[in-house]
Amino acid sequence: MTDDAVAPALLSCPTCRRPVATRGPARPASFPFCSERCRWRDLGGWFAERYGVPVAEQAAPGPGEPAQ
Ligand SMILES: [Zn+2]
């Protein structure tokens with residue numbers, strides 16, 4: 001028995017959650033991401049965030065917290 005026997009044929013793209021083929025001709029070169037865009041968005045999440053692409057919620061100092 002190998003891992004291939006139980007591995008799913010599809011995974012969700014870590015970035016956009018679209019189904020991505022894990023093997024066969026449908027498997028993208030950017031695997032496990034569905035596209036190069038999603039791969040870069042994930043690897044450079046902080047980078048994309050600087051350009052206004054919402055990637056993750058970040059706790060920002062609120063008015064109730066003392067600023068230094
Ligand atoms: Zn994607």
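Residues numbered from 1 in each chain as written. Predicted model: local features only at pLDDT ≥ 70, side-chain atom pairs only at ≥ 80, totals over all residues.

> Teacher, can you tell me more about the overall build of the chain here?
A count of helices and strands for the chain gives three helices and two strands. Along the chain, from the amino end to the carboxyl end, the secondary structure elements read α-β-β-α-α. For the chain, the residues scored as buried account for 9% of the 68 residues in total. Partitioning the intrachain contacts of the chain with sequence separation of at least 6 by distance along the chain shows that 9% fall at a separation of at least 24. (Helix = DSSP H or I, 4+ residues; strand = E, 2+ residues; numbered from the N terminus. Buried ≥ 20, exposed ≤ 12 C-beta atoms within 10 Å, placed from the backbone. Contact = placed C-beta atoms within 7 Å.)

> Would you explain the environment of alanine 9 in this entry?
Following the sequence through the fold, alanine 9 ends up in the loop between α1 (3–6) and β1 (10–12). When the C-alpha atoms of alanine 9 and glycine 24 are compared, they prove to be 8.9 Å apart, with 15 residues separating the residues in sequence.

> Looking at this model, I keep getting lost on the nonpolar core. Mind explaining?
Soluble globular proteins: nonpolar side chains tend toward being buried together. Grouped together as the largest cluster of nonpolar side chains are five residues: Cys13, Val20, Phe33, Cys34 and Cys38. In contact with phenylalanine 33, other than residues within four places in its own chain, are Cys13, Pro14, Thr15, Val20, Cys38, Arg39 and Asp42. (Core = buried A, V, L, I, M, F, W, Y, C linked by C-beta atoms within 7 Å.)

> What exactly am I supposed to notice about the environment of threonine 15 here?
You can see threonine 15 is positioned in the loop between β1 and β2 (19–21). Its 19 C-beta neighbours within 10 Å are what place threonine 15 among the partly exposed residues. A C-alpha to C-alpha distance of 7.1 Å links threonine 15 and phenylalanine 33, two positions 18 residues apart in sequence.

> Quick question: what am I supposed to make of unusual backbone geometry here?
Glycine aside, the phi torsion of most residues is negative, and most peptide linkages are trans. The residue after phenylalanine 31, namely proline 32, is reached through a cis peptide bond having omega 5 degrees. Residue placement: proline 32 occurs in the loop between β2 and α2 (36–43). Look at arginine 17: it is not a glycine, yet its phi comes out positive at around 70 degrees. Locating arginine 17 in the fold gives a position in the loop between β1 and β2. Note on arginine 17: 11 C-beta atoms within 10 Å, which makes it exposed.

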